[in-house]
Amino acid sequence: MTGKRGPAVRGSYEGMIRQLEDELREYDHLRSGKLTLPNVERLDQIAPFITKMRIAKGVSQTELANRLGVSKQVVSRYEETEYQTVAISRLQEILDAVGIKTFVTLKA
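Everything numeric here is computed off the predicted structure, so don't read it as measured data. (Residues numbered from 1 in each chain as written. Predicted model: local features only at pLDDT ≥ 70, side-chain atom pairs only at ≥ 80, totals over all residues. Heavy atoms only, no water.)

Glancing now at the packing of helix α3 (residues 61-68) against helix α4 (residues 72-80). Two numbers describe how α3 lies on α4: the axes approach to 8 Å, and their chain directions differ by 110 degrees. In terms of their interaxial angle, α3 and α4 are classed as roughly perpendicular. In this structure, the crossing between α3 and α4 has a hand that is right-handed. When α3 is examined against α4, the residues Gln61, Thr62, Leu64 and Ala65 are found in contact with a partner set consisting of Lys72, Val75, Ser76 and Glu79. By residue class, the composition of the contact of α3 with α4 is three nonpolar, three polar and two charged. (Axes fitted to C-alpha atoms, helices over the stretch in contact; angles between N-to-C directions. Helix = DSSP H or I, 4+ residues; strand = E, 2+ residues; numbered from the N terminus. Parallel < 35°, antiparallel > 145°, perpendicular 65-115°, else oblique. Left-handed = near helix turned anticlockwise from the far one by under 90°. Contact = heavy atoms within 4.5 Å. Nonpolar A, V, L, I, M, F, W, Y, C, P; charged D, E, K, R; others polar.)

So, in structure tokens, the structure goes:
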């Protein structure tokens, strides 16, 4: 590319490539079953980690959908929104289906 925009466009593509490479490295790490979960203090902090937990447990979207009795598209939509719109009872069903143990402590 020539002109003033060339370097900016190239930099943008290089940034996208680095991001994709980072995502692939994270995916490979998760597929190896290695996942360190943070200590969460609120239920709404769990949702962003569900997809990572599913991958680390070796459960595909299709397999999770079968376990939940829904279509793969439903699971895909859940993951697109990082499970932010899923009811707490459904989150527990999903965690159970993936094989994740949960412990909840309430403090007053």
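Time to look at the packing of α3 against helix α5 (residues 88-98). At a closest axis distance of 10 Å, the pairing of α3 and α5 adopts a crossing angle of 120 degrees. In this structure, α3 crosses over α5, and the sense of that crossing is right-handed. When α3 is examined against α5, the residues Leu64, Arg67 and Leu68 are found in contact with a partner set consisting of Arg90, Glu93, Ile94, Ala97 and Val98. Each residue belonging to the contact of α3 with α5 can be placed in one class, and the counts come to five nonpolar, no polar and three charged.

On to α3, then. Residues of α3 that are buried include every one of Gln61, Leu64, Ala65 and Leu68, and no others. One side of α3 carries all its buried residues, which in axial view fall inside an arc of 100 degrees. Looking at the buried positions of α3, the neighbouring elements they touch are α2 (50-56), α4 and α5. Trailing α3 by a residue or two, Gly69 shows a phi angle of about 75 degrees, which is positive. (Buried < 20%, exposed > 50% of the residue type's maximum accessible area, 1.4 Å probe, protein only. Arc of directions from axis to C-beta.)

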